[in-house]
Structure formats: structure tokens, C-alpha cells
Amino acid sequence: MLVKELRRKFLEFFSERGHAVIPSASLIPQEDPTVLFTTAGMHPLVPYLIGQTHPMGKRLASVQKCVRTGDIDEVGDNRHLTFFEMLGNWSLGDYFKKEAIAWSFEFLTDKKWLGLDAEKIFVTVFTGDKTAPRDEESIGIWQTQFAMRGMVAKVSQTGKDEPATGVKGPRIYLYPKEKNWWGPAGATGPCGSDTEMFYDTGRPHDPAYGKACHPNCDCGRFVEIWNDVFMEYEKRADGSFAALKQKNVDTGMGLERTAAILQGKDNVFETEIFSGIFGALADLSGIKYGRDEAHDRSFRIVADHLRTAVFIIGDEHGVTPSNLGQGYIVRRLIRRAIREGRRLGIKKTFTDQLGTVVIDEFGSHYKELETNRERIVSELKKEEEKFGKTLEQGLKEFEKMMKDRVISGKEAFILFSTYGFPLELTQELVGERGGNLDVEEFKREFEQHQELSRTATEGLFKGGLADHSVETTCLHTATHLLHAALRKVLGSDVAQKGSNITTERLRFDFTYSKKMTAEQIKEVEGLVNDAITKNLPVQCEEMTVAAAKKSGAIGLFEEKYGEKVKVYFVGAKPDYFSIEICGGPHAGHTSELKKFKIIKEEAVVAGVRRIKATIG
Ligand code: SER
């Protein structure tokens, strides 16, 4: 089954069951500065999952474009992608577990739809903890569903050490929050336990990954294809979970992985999704895919990275390559692809040609790519011309620098500023030679040359997870001050609902039921400007979520469960002006913000207000 048909069948299945098909939202989140890109279909639906009325109704389905940048370095193996499409269906306070699970299973196994063998499907369910009980309901529903297909679905009590030996072994596996819970992407938000469906590829278990195999084992035998999340809680700013007014369903199925399974491939790059790009790459390089692992890896990196770059540049809120935020990610993707292209022996400009192939391939479904065809192709060309001029010379310089197997921070900075090598590319080159790179020294160099604060530099190089221009960094700090001031003036019920920063202004959405009075606005402005005049220090500490809560931090920005979080303190002990969990980056001192001004206060929806403000 080709992806075109898979998309169509998915939407048809859910339309038949009363779902309105909604278009894919932009890859660039419009409401949430905590993430650079849309990473799941639920992301644009958060306001509706917490109670706002969706104009299309209570049952929705979509094919959402997603970008996940955390794994850029992993791309090259058989399954990692930076861009992927997510098939999803939602219930906004309508149906719940029974229908969601039954429909997922029907779509996967019924001959009319995907027709996968039910014997090969294994599922996982939340095992329960102090905050939420074991999901007995889903276990029962799955057992009924398997029984309807003549199968006995045993439950693995441990979820870990019982081998999944086909029909005789357990079919339902229990895991804790780390695996079977979907948390909010931002500080607060809808969340709940989930049940995931895995496909057994039949590959033998690799004991290097543990004694026994199980669905969440990483040996490659099981592939996760679908996740049904039951969003019935809202994570609050103090870290507690409250029942949502409505019980929602949020599901996500990976299009590329499912297509690979349907096509009998154990590699997403061997589906028809990549065949056009691979064909063009073979023509350009004179090398066929499948020659050897090293060349295949380059094929996959070029194909994945350029596909992602095309979608980001061609998005309805498209970004161009730059040294800022999302632009820096596009730059990294394109430059890494160019370097891999050179390894395949391609000497001439090629990214524009491959970009055209990607647009031809996906433009019929994603019309924005057609609309922006010229811009995409010319941006790729421009970026390649820029980097192409310096790449070869830069590699020569790199070889010289590498003679002692160490690249100093200064040398890495020369490669960055003179030859256009993103830090991560130099890191990769050094890694390939088993050498060392002084990243800290690089950052010091970077700070000096760009006149950035340390926090701003950290923000840029930690996975590029921040827009790091001086203006946006200061606006980010201003957002913390505003949040704290609003709570002082309007009361501690004020909670952040969303935030968005451009180089010109900040936008902050928060819960409050009335229009603010002119006096209140003045008072909030005054408090923030006082904090600026006092030139308070901004300091960051890493701690556990529990310790952060104890310190009185607000705005829980959820990192992975159980991990340490960063807490930003503005002011001095014991009278901090603001304590907030956040990924950064921030200004070093509040005086960098100069002057704070609220330019607008308005309603977003009932109970939520929006402030727009500037600094400088
Ligand atoms: N939000 C869930 C996921 O991304 C289901 O859509 O897996």
C-alpha cells in the first residue's frame, strides 16, 4: 500500500465514523515558544483539548506534518527521520477508550483497511502509580478485542522480563509513565495515560539489548506504530494533576513506519516515499543505493535532511536558513546534506535539483510546497552556493587542525565563522576521527564575537532549541517578569496559557476572567520596570522537579519525566522577583531589558487574556 492510499484510507475510515478532516497545521508553532517545531498532531489542538470549542466539532482527524530535531544525529540508520507525517484522530470530550481502541484495532487488522495480522500486534498499557491508577479499562477492552479475533490476550505482569513468544506469550505489557503517558509539551497542559500498538517484525531478539524481548525493547524486533492517548488530566503549574472537564482521545500513527510495514520493508527509506529522491541521487552520484552501508547512510541523510529542509522552507510560515532558531536548524540540515553529497562524489550544486524532486513527490498533498516552489528552490541554491564555496577549503583546514587530534574552541570557531561549518558538523567530523573538540572554548569565542551572554549562547547550542538573538533572549526574560508581576497584581490563580516571541515583541496568554483595568496594567508595568531598574541578576540552577516545586517555581516546563529541570531565578535570595522552570536562554541581568511597555491587553477566549509587550 502506497502512502497516498494509506493517508486516504485513514481519513476515510475516520470520516465514516463521524470525524471532520482538518488540514495539517504549520510546522512552525504559532502559540508555543517552548518548541521550535510542531512535533505531533495534538500540538495545534491543545486549546481544544482543555475545553475550547473546536469549530469543526468533537471528532477530528488529520495528517499532520511533524519535525523532531532531537535525533538529527541518529538519522542514517533504518528508522530515524527528522520530518515525518502523523496520522491522528481526536475525540474532544466525545468517545473515549472503548471506541478509540476498537477503531485502532479495526483499522489495523480489518481486510478492508490495512489488513495486518492481529497475531503480530502487541500492545502496551499504563501500569499505574501514585498519580493515576493502572489502566484496567484498556486491558479489558484489549482482551475483548483480541477475543473477538479468537485470541487469548494474556497480561505480562512485569512488563519487562517475559519473552513475547508469539501467541503463547503475553500480548499486553504494562509500563510506567516513562513509556505509557503523554505529557504536555509546555509548562502545563492536557495529559494522560496511553496505550501503544507495536508490530512484531519477527526478527530474532538481539540479546545485546537484554535477556528477554518485549515491545519496548530497542533491539528492533518490535516497531511502535500507533499511540492512543487518553487525555483526562491537566498538568498544573505546581506539578499536580487535576481531572480535565472533558475526557479526550489523542492518537498518533507514524505514516512512514506503517507504510514500511505494509510494504514488507524493515527500513523506512526503502518505501516509495524515498524512491524518487534516491533515484535522483543515484543519477547525480553514479552510485546505486545498496552498494555498501557507508554510502547507504549518506543516501539516507541527504534524503531525510533535504526533505525536512524543503518542508520547513516551504511551510506556510516558512523559515530560511540563518543562524537563528529554526533557521539554524534548516542551515544545519542543508549543510550536513551537502557534505554527505560530497561524500557520494557529487561535485556540483545538487540540493536545488533534489528539492525539486521532493516538491514533485509531496506537492500534490502539501499544496504549500507547490505555492512556494520557487522560494524553496532558490533558498536551497543560495545556501549551497554560500557553503559550497567554503566547504572544500574548510575541510582542508580541518584536516590540518586535526593533526594533533584535537580541535580547539578557537579552531572550531574559525571553521564556523570563516568556512560556515555549524558547530555540530565540526563535532561530527571530529567524532568520525575519534578526536576531541573543546566546545566550552568554542562557546566563549562565540560569545565574544557575537556579543552574546552565556545563557544566550547555551540556548543556541543546546540542540538549537531557542531563538537566540539578543532581542528575543531579553524578551524571554521579560516574559518571566511579566508572568510574576501579573500574579502579584491579579493573584496567584493567573497561569500561563501560551507565549510567543518575535524579535519585536512578546505575547503572553494567561488565565484571568476579566478585562484588566488601566490601573492594573500600569501596576504590572511598574513592577516589571522596577525589577529592570534594580538590575537583578538572572541565575539558572538545574534541579529535580520536586526541588523546583519546593523552591516555589512556577511555569512547569516539562522535560522528560524524572529528568532534572532548569530553574531561572530573577533577583536575590530570599526575595526573588521570579522563579520559573524554563529551558532558557535568558539575559544575564534585568537591566539588559532597558524598558518594558505593555502595548495591548485583550481577550483570547472566555477566561483567557492576552498581553502584547515590548522592551528597549
Ligand atoms: N501525542 C501522541 C504522540 O505524539 C499521540 O498523538 O504520540
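Scroll up to find the structure this text is about.
An account of the accompanying structure is given in this report.

Conventions used here
Residues numbered from 1 in each chain as written. Predicted model: local features only at pLDDT ≥ 70, side-chain atom pairs only at ≥ 80, totals over all residues. Heavy atoms only, no water. Core = buried A, V, L, I, M, F, W, Y, C linked by side-chain atoms within 4.5 Å. Buried < 20%, exposed > 50% of the residue type's maximum accessible area, 1.4 Å probe, protein only. Helix = DSSP H or I, 4+ residues; strand = E, 2+ residues; numbered from the N terminus. Contact = heavy atoms within 4.5 Å. Near = heavy atom within 4 Å. Polar contact = N/O pair within 3.5 Å; in protein donor to acceptor, adjacent residues only side chain to side chain. Areas by Shrake-Rupley, 256 points an atom, 1.4 Å probe, with all protein chains shown as cover. Nonpolar A, V, L, I, M, F, W, Y, C, P; charged D, E, K, R; others polar. Pairing = 2+ DSSP bridges. Axes fitted to C-alpha atoms, helices over the stretch in contact; angles between N-to-C directions. Parallel < 35°, antiparallel > 145°, perpendicular 65-115°, else oblique. 1 Å grid on protein atoms, 1.4 Å probe; cavity = no way out; pocket = protein on both sides within 12 Å on 5 of 7 lines; lining within 4 Å. Points joined across faces, edges and corners; volume = space filled by probe spheres on them. Expected span 1.5 Å × (residues − 1). Salt bridge = Lys/Arg side-chain N within 4 Å of Asp/Glu carboxyl O.

Regarding the nonpolar core
Counting residues in hydrophobic clusters, the biggest one holds 128 residues, and the most contacted among them are F107, L108, L116, W142, I312 and L354. With nine residues, helix 8 (residues 293-313) is the largest single contributor of residues to this core. Residues contacting L108, with those up to four places away along its chain left out, are L114, G115, L116, I121, M197, I225, W226 and M253. Core analysis: the next-biggest nonpolar cluster, separate from the first, contains 33 residues, V524, L536, C582 and A587 among them.

What about the site of the ligand?
All residues in the neighbourhood of the ligand are listed as A40, M42, R68, M86, W182, N227, V229, D250, T251 and G252. In the model, a nitrogen atom of the ligand is placed 3.5 Å from a nitrogen or oxygen of the W182 side chain. Here a nitrogen atom of the ligand and a side-chain polar atom of D250 are 2.8 Å apart. Here the ligand, which alone exposes 230 Å², has 95% of that area covered by the protein. Of all the secondary structure elements, the ones that give two or more residues to the shell around the ligand are strand 9 (222-235) and strand 10 (241-254). Broken down by element, the residue count for the shell around the ligand peaks at three residues, all from strand 10. Counted by class, the shell around the ligand contains five nonpolar, three polar and two charged residues.

A closer look at helix 14 (residues 423-432)
Within helix 14, seven of the 10 residues are buried, leaving the element largely enclosed by the surrounding structure. Here helix 14 has its buried residues at L423, E424, L425, T426, E428, L429 and V430. Taken from the residues just after helix 14, G434 is the one with a positive phi, measuring 65°.

Considerations on the side chain of T590
By secondary structure assignment, the location of T590 is in the loop between strand 17 (575-581) and strand 18 (596-605). Side-chain polar atoms of T590 contact the backbone oxygen of A531, separated by 2.8 Å.

Overview of the sheet that holds strand 14 (residues 506-511)
Pairing in this open sheet of four strands is antiparallel, and the strands run 13-14-19-18 from one edge to the other. If you trace the sheet from one side to the other, it starts and ends with strand 13 (496-501) and strand 18, each paired once. Each strand of the sheet is rotated relative to its neighbour by a mean of 20°, with strand direction disregarded.

Focus on the packing of helix 12 (residues 373-401) against helix 13 (residues 409-417)
Contact geometry for helix 12 and helix 13: axes closest at 10 Å, N-to-C directions at 175°. Judged by the inter-axis angle, helix 12 sits roughly antiparallel to helix 13. Within the contact between the two elements, helix 12 uses G394, E397, F398 and M401 and helix 13 uses E411, I414 and L415. Grouping the constituent residues of the contact of helix 12 with helix 13 by class yields four nonpolar, one polar and two charged.

Some points on empty space enclosed by the protein
As enumerated under the stated definition, the model contains one cavity of 30 Å³ or more in all. Taken together, I72, D73, R332, L333, R335, R336, P422, E424, L425 and E428 make up the full set of residues lining the largest cavity. Elements with a contribution of two residues or more to the lining of the largest cavity: helix 9 (325-343) and helix 14. Broken down by element, the lining of the largest cavity gets its largest block of residues, four residues, from helix 9. A class-by-class count of the residues in the lining of the largest cavity yields four nonpolar, no polar and six charged.

Quick look at the side chain of R609
Mapped onto the fold, R609 is located in strand 19 (residues 608-615). A distance of 2.7 Å separates the side chain of R609 from the side chain of E601, its partner in a polar contact. Residues contacting R609, with those up to four places away along its chain left out, are F508, D509, F510, Y512, K514, K515, E601, E602, A603 and V604.

Structural notes on helix 10 (residues 351-362)
Between its first and last C-alpha atoms helix 10 spans 16 Å; for 12 residues at 1.5 Å apiece the expected length is 16 Å, and the two agree. Residues of helix 10 that are buried include every one of T351, D352, L354, G355, V357, V358, I359 and F362, and no others.

Some words on the pattern of salt bridges
Tallied over the full model, the rule gives 40 salt bridges. Residue E368 is joined to K65 by a salt bridge in which the shortest nitrogen-to-oxygen separation is 2.6 Å. Of this pair, E368 sits in helix 11 (residues 367-371) while K65 sits in strand 2 (residues 59-67), and the two are 303 residues apart along the sequence. One salt bridge connects K400 with E397, and the closest N-O pair in it is separated by 3.1 Å. Taken as a pair, K400 and E397 lie in helix 12 at a separation of three residues, close to a single helical turn. Accessibility expressed as a relative area gives 19% for E397, which makes it buried. Here the salt bridges share partners, and the residues they tie into one network are E16, R17, E106 and K112.

Quick notes on unusual backbone geometry
Of note, the bond from K573 into P574 is cis; its omega dihedral lies within 30 degrees of zero at -5°. Here P574 shows up in the loop between strand 16 (565-572) and strand 17. A positive phi is found at N535, a non-glycine position, where the angle reads about 50°. Here N535 is to be found in the loop between helix 18 (518-533) and strand 15 (538-543). Positive phi, normally seen in glycine, also occurs at K594, with a value near 65°. Along the chain, K594 turns up in the loop between strand 17 and strand 18. K594 gets classed as exposed once you look at its relative accessible area, which sits at 62%.

Some thoughts on the environment of E471
With respect to the element layout, E471 can be found in helix 17 (residues 470-490). C-alpha of E471 to C-alpha of I615: the two residues are 144 residues apart in sequence and 8.5 Å apart in space.

Things to note about the environment of Q30
With respect to the helices and strands, the residue Q30 is situated in the loop between strand 1 (20-21) and helix 2 (46-49). Along the chain, Q30 and G18 lie 12 residues apart, while their C-alpha atoms are 28 Å from each other. Ignoring sequence-local partners within four residues, the contact set of Q30 consists of H317, N500 and R507.

Thoughts on the sheet that holds strand 16
Read across the sheet, three strands follow the order 15-16-17 without closing on themselves; strand pairing throughout is antiparallel. Edge positions in the open sheet fall to strand 15 and strand 17, since each of these has one partner strand only. Each neighbouring strand pair of the sheet contributes to a mean axis angle of 25°, computed without reference to strand direction. Summarising the sheet, strand 15 and strand 16 pair through six bridges and their orientation is antiparallel. Of the residues in strand 16, the one forming a bridge with E541 is V567.

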